Amino acid sequence: MNKLTGRGPMRSPGAPSHRRETERRFWEQIATGITSEKAAEAVGVAPAVGTRWFRHNGGMPLSILKPVSGRYLSFAEREEIGILSCQGVGVREIARRIGRSASTISRELTRNAATRCGRLEYRASVAQWKTELVAKRPKPSKLATNKRLHDYVQDRLEGGVRDADGRQVAGPQQAPFIGRNKPHRSDRKWVNGWSPEQISNRLKTDFPNDESMRISHEAIYQALYIHGRGSLKRELVSCLRTGRALRVPRARAQAKAWAHVSEDVMISNRPAEAEGRAVPGHWEGDLIIGLNRSAIGTLVERSSRFTMLVHLPREDGYGLIPRTKNGPALAGYGAVTMANALKNTVIDMPALLWQSLTWDRGKELSDHARFTVESGMKVFFADPHSPWQRGTNENTNGLLRQYFPKGTDLSRWSAHEIHAVANALNSRPRKTLAWKTPAEALDKYLKSVQQSGVARTG
């Protein structure tokens with residue numbers, strides 16, 4: 001076979017492997033922010049395979065997203081070559097049909113043919129496997145070949161904390177790093193904790209004339225996250241600020257934080273009359289947060305500046321039931337609790353005063369679809385990092401801090417007490433209302449609507 005193919009003995013391919021094109025499409029799906037299981041389903045592989053790809057690469061696709069150059073045969077072309085070859089089509093005719101040179105086809109049929117049957121048989125799957133195996137040229141990591149650089153990087157990542165006299169301070173005893181289970185936050189080891197970017201740029205200062213002491217921050221991340229990529233210990237990821245065991249794609253992090261915000265509930269789709277403040281009925285809302293995960297909901301009408309406060313008491317079992325991952329939200333402002341509290345607030349007001357609600361992007365209102373169905377009030381979300389789009393609410397929250405200062409436990413106030421505070425704000429004259437109070441402005445609007453309705457009836 002060596003004489004026939006020009007190659008030495010190769011290991012058995014075993015089970016057919018997934019194509020590089022499939023894995024590349026998998027990482028393209030990951031870049032959109034979806035999970036590895038959904039990305040695997042999108043490209044037609046098992047969810048376990050997608051999870052394994054993501055873990056093995058530490059969440060980093062490396063160069064696999066780069067498309068293969070057109071000068072190399074693709075798997076589709078190899079399938080075409082295999083079919084035509086079985087049909088007895090000549091080398092030059094195959095080359096003409098797929099648009100390649102005859103020498104390329106001849107070399108492909110010889111070097112990448114299957115040989116397990118004792119003769120040359122061209123199979124596209126085997127040919128693709130041989131090509132990918134030979135194309136691998138693993139380059140040794142810089143950290144593996146340069147011990148001085150390796151020691152410098154590792155010391156800046158996990159070096160011990162020292163006091164002003166140079167004595168090492170032990171800090172907490174960290175639990176072992178097992179798989180993806182990093183130690184609990186309270187047990188994290190005290191380390192120097194330089195970021196890879198700080199290490200990469202500091203090398204130029206500490207070794208200005210030694211070009212061998214250079215490494216990019218991305219190479220350090222690869223050495224930490226990718227299996228077999230570098231000589232750094234896997235558990236050193238706990239020395240990074242985030243301490244995460246796998247790198248999270250940026251799009252996935254954003255999608256996870258704002259998964260409840262779809263395009264149809266963006267503030268850009270809010271009714272135009274809400275922007276002009278001419279017609280009451282459009283509200284802005286948010287939470288003011290206190291100690292021990294306590295909160296009070298705030299609702300402000302954009303036109304009259306009328307304020308309503310939403311009482312969010314603790315759920316039964318708060319402080320008694322141990323906190324569990326994905327367990328019930330007992331602090332008082334979970335998604336279901338928040339939607340129910342808002343619904344109980346809006347049903348006490350005339351329907352014409354509840355046209356829309358503009359909220360921050362907090363997850364406390366992730367159950368907004370059910371709230372809209374049950375209350376009839378449409379919910380819209382502001383753009384990321386744009387508090388000025390809810391300026392009335394932000395200003396009102398500042399006024400409320402006179403009664404509910406930061407750093408206090410807000411759960412001690414009853415519904416009666418917070419409603420009294422809302423009444424105090426609604427009885428305060430405002431310059432923007434020509435020194436009328438919000439209660440007077442809203443009452444004037446309701447009377448005008450009532451009078452116009454009576455006039456039309458008469």
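Residues numbered from 1 in each chain as written. Predicted model: local features only at pLDDT ≥ 70, side-chain atom pairs only at ≥ 80, totals over all residues. Heavy atoms only, no water.

Side note on the overall build of the chain
- Secondary structure summary: the chain contains 19 helices and seven strands in total.
- Put simply, the chain has 458 residues, and 39% of those count as buried.
- Of all intrachain contacts in the chain linking residues separated by at least 6 positions in sequence, the fraction that spans at least 24 positions is 62%.
- With an accessible surface of roughly 26500 Å², the chain has 52% of that area assigned to carbon and sulfur atoms. (Helix = DSSP H or I, 4+ residues; strand = E, 2+ residues; numbered from the N terminus. Buried < 20%, exposed > 50% of the residue type's maximum accessible area, 1.4 Å probe, protein only. Contact = heavy atoms within 4.5 Å. Areas by Shrake-Rupley, 256 points an atom, 1.4 Å probe, with all protein chains shown as cover.)

So, the sheet that holds strand β3 (residues 282-290)
- Reading across from one edge, β5-β4-β3-β6-β7 is the order of the five strands in this open sheet, with mixed pairing throughout. With one partner strand each, in any of the chains shown, β5 (307-310) and β7 (378-381) form the two edges of the open sheet. Strand-to-strand, the axes of this sheet are offset by a mean angle of 25°, without reference to chain direction.
- Two strands pair when backbone bridges link them, and β3 and strand β4 (residues 294-301) are joined in this way by eight bridges, in the antiparallel orientation. If you follow Glu284 over to β4, its bridge partner there is Val300.
- Its contacts with the sheet place helix α17 (residues 391-400) against β3, β4 and β5, and it is angled at close to 40° to β3.
- Where helix α18 (residues 415-426) meets the sheet, its contacts fall on β4 and β5, and the angle it forms with β5 comes to roughly 165°. (Pairing = 2+ DSSP bridges. Axes fitted to C-alpha atoms, helices over the stretch in contact; angles between N-to-C directions.)

Details of the packing of aromatic side chains
- Here the structure, examined in full by the defined rule, presents seven aromatic pairs.
- On the numbers, 5.3 Å between centres and 70° between planes, the contact of Phe26 with Trp53 is edge-to-face. Of this pair, Phe26 sits in helix α2 (residues 20-30) while Trp53 sits in helix α4 (residues 47-56), and the two are 27 residues apart along the sequence.
- For Phe26, a relative accessible area of 0% puts it in the buried group.
- Residue Trp53 is classed as buried on the basis of its relative accessible area of 11%.
- These aromatic residues form a ring-pair network of at least three members: Phe26, Trp27, Trp53 and Phe54. (Phe/Tyr/Trp six-rings, centres within 6.5 Å; stacked < 30°, edge-to-face > 60°.)

Observations regarding the pairing of β7
- One ladder, built from four bridges, connects strand β6 (residues 356-359) with β7; its direction is parallel. Residue pairing across strands places Thr358 opposite Phe380, the latter belonging to β7.

Description of the environment of Val279
- Note that Val279 resides in the loop between α14 (272-276) and β3.
- Owing to a relative accessible area of 34%, Val279 belongs among the partly exposed residues under this scheme.
- Spatially, the C-alpha atoms of Val279 and Arg302 are 8.9 Å apart, while their sequence positions differ by 23 residues.
- Sequence-distant contacts of Val279, defined by excluding residues within four places in its chain, comprise Glu273, Glu301, Ser303 and Tyr445.

A short note on the pattern of salt bridges
- Applying the stated criterion to the full structure yields 19 salt bridges.
- Put simply, Arg167 and Asp165 hold a salt bridge, and the shortest N to O gap is 3.3 Å. Judged on exposure class, the residue Arg167 and its partner Asp165 are both exposed.
- Measuring nitrogen to oxygen at the nearest pair gives 3.1 Å for the salt bridge that ties Arg202 to Asp206. In this pair, Arg202 and Asp206 both sit in helix α11 (residues 196-206), four residues apart, roughly one turn of the helix.
- Each of Lys343, Asp367, Arg370 and Glu374 takes part in one network of salt bridges that share partners. (Salt bridge = Lys/Arg side-chain N within 4 Å of Asp/Glu carboxyl O.)

Details of the nonpolar core
- The biggest cluster of nonpolar side chains holds 29 residues, and the ones touching the most others in it are Leu299, Leu342, Trp354, Leu357 and Trp359.
- Looking at this core element by element, the count peaks at five residues for helix α15 (residues 335-346).
- Contact partners of Trp354, with chain neighbours within four places excluded, come to Gly281, Trp283, Leu299, Met308, Thr345, Val346, Met349 and Met377. (Core = buried A, V, L, I, M, F, W, Y, C linked by side-chain atoms within 4.5 Å.)

A closer look at the pairing of β5
- Both faces of β5 are covered, namely the face carrying Thr307 and Leu309 and the face carrying Met308 and Val310.
- Strand direction decides the pairing type here: β4 and β5, joined by four bridges, are antiparallel. Across the sheet, the residue bridging to Thr298 is Leu309, located in β5.
- From the end of β4 to the start of β5, which pair antiparallel, there are five residues, and Arg305 there has a positive phi angle of about 65°.

Re helix α7 (residues 102-111)
- For α7, the complete set of buried residues consists of Ile105, Glu108 and Leu109. Angular distribution of buried residues about the axis of α7 spans 95°; they occupy a single face of the element. (Arc of directions from axis to C-beta.)

Some points on the side chain of Asp367
- Relative to the helices and strands, Asp367 is located in the loop between β6 and α16 (368-375).
- Among the residues examined, Asp367 registers a relative accessible area of 18% and is labelled buried.
- If we ignore the near neighbours within four places in the chain, the residues touching Asp367 are Ala335, Val336 and Ala339.

Regarding empty space enclosed by the protein
- Within the structure shown, the criterion is met by one cavity of 30 Å³ or more.
- One number sums up the size of the largest cavity: a volume of about 50 Å³.
- Contributing to the lining of the largest cavity are Ala295, Ile296, His311, Leu312, Pro313, Leu410, Ser411, Trp413 and Ile418.
- When its residues are assigned to classes, the lining of the largest cavity shows seven nonpolar, two polar and no charged. (1 Å grid on protein atoms, 1.4 Å probe; cavity = no way out; pocket = protein on both sides within 12 Å on 5 of 7 lines; lining within 4 Å. Points joined across faces, edges and corners; volume = space filled by probe spheres on them. Nonpolar A, V, L, I, M, F, W, Y, C, P; charged D, E, K, R; others polar.)

Brief notes about the packing of helix α5 (residues 75-86) against helix α6 (residues 91-98)
- Packing of α5 against α6 brings their axes to within 10 Å, and their N-to-C directions diverge by 145°. In the crossing of α5 with α6, the sense of the turn from one axis to the other is right-handed. Seen from α5, the contacting residues are Glu77, Glu80, Ile81, Leu84 and Ser85; seen from α6, they are Ile94, Arg97 and Ile98.
- Taken together, the residues of the contact of α5 with α6 sort by class into four nonpolar, one polar and three charged. (Left-handed = near helix turned anticlockwise from the far one by under 90°.)

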